[in-house]
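So you can see what is in the structure, the chains are spelled out below.
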Amino acid sequence: MLQARLRHSTTSALTLLIVALATPGALADVTVAKTKATTLLVAELAEDESVEDIERSEPRRDSASEPARPPAPDVPAPVNTEASTIPADKPREIAPNIDLKEVAPLPEPEPALAEDRGIPVAPDAPPAEHVAPEALEPEPAAPVPAESFTLLGKEILPGTATRLAWSPGIQIAGLSQITPVLVVNGVNKGPTLCLTAAVHGDELNGIEIVRRTMYDLNPEKLSGRVIGVPIVNLTGFQQGSRYLPDRRDLNRHFPGSPDGTLADRIAHSLFNNVVRHCNMLVDIHTGSLKRTNLPQLRADMNHPDVAEFTRGFDRMAVVHSSGSPGMLRSAATDAGIRAVTLEAGESLRIQEHQIDAGVNGLNSLMEKHGMISRMFVWGDPEPVYYDSTWIRAQHGGILFSEIKLGATVSEGDILGYVADPITNEQHPIRATADGRVIGMAVDQVVMAGFAAYHIGTEAQVPGE
Ligand SMILES: [Zn+2]
């Protein structure tokens, strides 16, 4: 049946192809084109499984059966030593103070960053300044004035905001990519929060979440620093693709390596030049192709620091996920940076509700850590913790959903149907547990085994 359908779709695709290429000679090898089209279609369907949505989305391990990862070493609050450690022979290059709300040309990158030239960066970029949780609580005492710090070769004075440029220094098809980095260095001391979006180039909601969050910050009223990279995978973004130009998933290559694959090199450059400067990281994603997610955090709840970190997000579902090797959040956590993935909505779309929820979550986080003070009103409920399972289609066909994202469901409820367009058979997909639909596939052609509905069942708030 599946074969029949695939062949059918291939034929339609082929018809289009023929119309598009109907010049003499273009139809030289129809067989090759047909094989290619089939391979592409199958690959597109198969690829969907290699995504964070599906991987490692498992019930939290019992802490008794599995030793929790050790908490990151308790290092005192960060000391801003960067300003004083700029080599004497190098003139200070102070980043221009810019009102981020104003339209500006692209910033120029430093020709080659020290980190990429293999020069040790230890004094300039302390690995993962770890801030003890107490230090992050808002303090009624007088705030401590911030110091300037150096990022991407530029010194950023306290109480200023600027646009910098990160370039991995790698030639992609003869063009060196320049990726904008927004920085707000608050007038007062505090933690460094990093926001990354579009690590997968087709995930657009995060780009807008970073823009709104950053452009709303007033450096004169900020304690700490916020570093935002709105579009990490710029080539993917330009092509509407999740992947890098070599078809690799950047989010499987962190912390990277300077002499590995293209993905390794880009990951290494971003990790060392930007991410290592952070105390906290929120990596913003959406559902993969044709799947949508309720705004939610993916966090390794077996890690005490990360579990504590999730409490800073207002009205957000939190799903335990230990993460796959090479994910930015896993690499950051391993480097002592508290990190989560924020998932919001669908790829290739701009969704106002999802963006609002993301911005709200980040504002609550900054308020919680004493970085901003806006009399933030916390919602009810605060974060809700979920264990989760995926319900898979048992039959191939066309998926039609009966429920909506965020719906509360009971075991046995019909979530949707898979209809066979040839035989007219309809196969219901039922909820296997009571819970909430925290992620789901949009209506589409599916194969047997396709992960269709992500059901979250409320779990204990960890660490209490
Ligand atoms: Zn993603």
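Just so we're clear, the structure is a prediction, and the values are computed from it rather than from any experiment.

Draft legend 1. Structural context of the overall build of the chain. Scanning the chain for helices and strands turns up nine helices and 20 strands. Relative to its full complement of 464 residues, the chain shows a buried share of 44%. A fraction of 73% describes how many contacts in the chain between residues 6 or more apart in sequence connect residues 24 or more apart.

Draft legend 2. Region of interest: the packing of helix H4 (residues 205-215) against helix H9 (residues 352-368). The N-to-C vectors of H4 and H9 enclose an angle of 45 degrees; their axes lie 9 Å apart at closest approach. Overall, the two elements H4 and H9 adopt an arrangement that is oblique. Of the two possible hands of crossing, H4 and H9 adopt the one that is right-handed. Each of Asn205, Glu208, Ile209, Arg212 and Thr213 in H4 lies in contact with H9, whose residues at this interface are Gln354, Ile355, Gly358, Val359 and Leu362.

Draft legend 3. Region of interest: H9. Between its first and last C-alpha atoms H9 spans 24 Å; for 17 residues at 1.5 Å apiece the expected length is 24 Å, and the two agree. Inspection of H9 places Gln354, Ile355, Ala357, Gly358, Gly361, Leu362, Asn363, Ser364, Leu365 and Met366 among the buried residues, and these make up the whole buried set. Trailing H9 by a residue or two, Gly370 shows a phi angle of about 70 degrees, which is positive.

Draft legend 4. Focus on helix H6 (residues 262-273). Under the 1.5 Å per step criterion, the end-to-end length of H6 is 16 Å for twelve residues, consistent within 8% with the ideal 16 Å. Burial analysis of H6 places ten of its twelve residues in the buried class, which makes it a mostly covered element. Taken residue by residue, H6 has Ala263, Asp264, Ile266, Ala267, His268, Ser269, Leu270, Phe271, Asn272 and Asn273 as its buried positions. Against the buried residues of H6 lie strand E3 (160-166) and helix H8 (328-334).

Draft legend 5. Broad picture of the sheet that holds strand E17 (residues 426-430). One open sheet holds the four strands; their spatial order is E17-E16-E14-E19, and the pairing between them is antiparallel. Because the sheet does not close on itself, it has two edges, and the strands there are E17 and strand E19 (445-446). Sheet topology places strand E16 (residues 414-419) next to E17; five bridges connect them, and they run antiparallel. The partner of Ala419 across the bridge, within E17, is Gln426.

Draft legend 6. Focus on the confidence of the model for the chain. Mean pLDDT for the chain: 79, with 70% of residues reaching 70 or above. Ignoring residues within four places in sequence, the model shows residues 63-88, a span with pLDDT below 50, making 35 contacts including any to other chains. Note on residues 117-139: pLDDT under 50 across the span, and 41 contacts to partners over four residues away in sequence or across chains.

Draft legend 7. Quick look at the environment of Leu281. Among the structural elements, Leu281 can be located in strand E9 (residues 280-285). Through-space distance from the C-alpha of Leu281 to that of Arg329 is 7.4 Å; in sequence the pair is 48 residues apart. Residues contacting Leu281, with those up to four places away along its chain left out, are Cys194, Thr196, Val275, Arg329, Ala332, Ile337 and Ala339.

Draft legend 8. Highlighting the pairing of strand E18 (residues 435-441). Counting buried positions along E18 gives six out of seven residues, so the element sits mostly inside the fold. Both strand E15 (residues 408-409) and E18 contribute to a ladder of two bridges, which runs antiparallel. Within the sheet, the bridge partner assigned to Thr408 lies in E18 and is Arg436. Sheet analysis places E18 next to strand E20 (residues 451-458), joined by four bridges and oriented antiparallel. Within E20, the position partnered with Val437 by the bridge is Ile455.

Draft legend 9. Structural context of the environment of Gly326. Within the secondary structure, Gly326 is located in the loop between strand E11 (317-320) and H8. Owing to 18 C-beta atoms within 10 Å, Gly326 belongs among the partly exposed residues under this scheme. Put simply, Gly326 and Gly256 are 70 residues apart on the chain and 7.9 Å apart in space, counted from C-alpha to C-alpha. Apart from residues no more than four positions distant in its own chain, Gly326 is found in contact with Asn251, Arg252, His253 and Phe254.

Draft legend 10. Examining unusual backbone geometry more closely. The omega torsion of the bond from Phe254 to Pro255 falls at 0 degrees, within 30 degrees of zero and hence cis. Looking at the secondary structure, you find Pro255 in the loop between helix H5 (234-239) and H6. Not every positive phi belongs to a glycine, and Arg315 is a case in point at roughly 45 degrees. Topologically, Arg315 is positioned in the loop between helix H7 (304-310) and E11.

Rules behind the numbers
- Residues numbered from 1 in each chain as written.
- Predicted model: local features only at pLDDT ≥ 70, side-chain atom pairs only at ≥ 80, totals over all residues.
- Helix = DSSP H or I, 4+ residues; strand = E, 2+ residues; numbered from the N terminus.
- Buried ≥ 20, exposed ≤ 12 C-beta atoms within 10 Å, placed from the backbone.
- Contact = placed C-beta atoms within 7 Å.
- Axes fitted to C-alpha atoms, helices over the stretch in contact; angles between N-to-C directions.
- Parallel < 35°, antiparallel > 145°, perpendicular 65-115°, else oblique.
- Left-handed = near helix turned anticlockwise from the far one by under 90°.
- Expected span 1.5 Å × (residues − 1).
- Pairing = 2+ DSSP bridges.
- pLDDT = per-residue confidence, 0-100.

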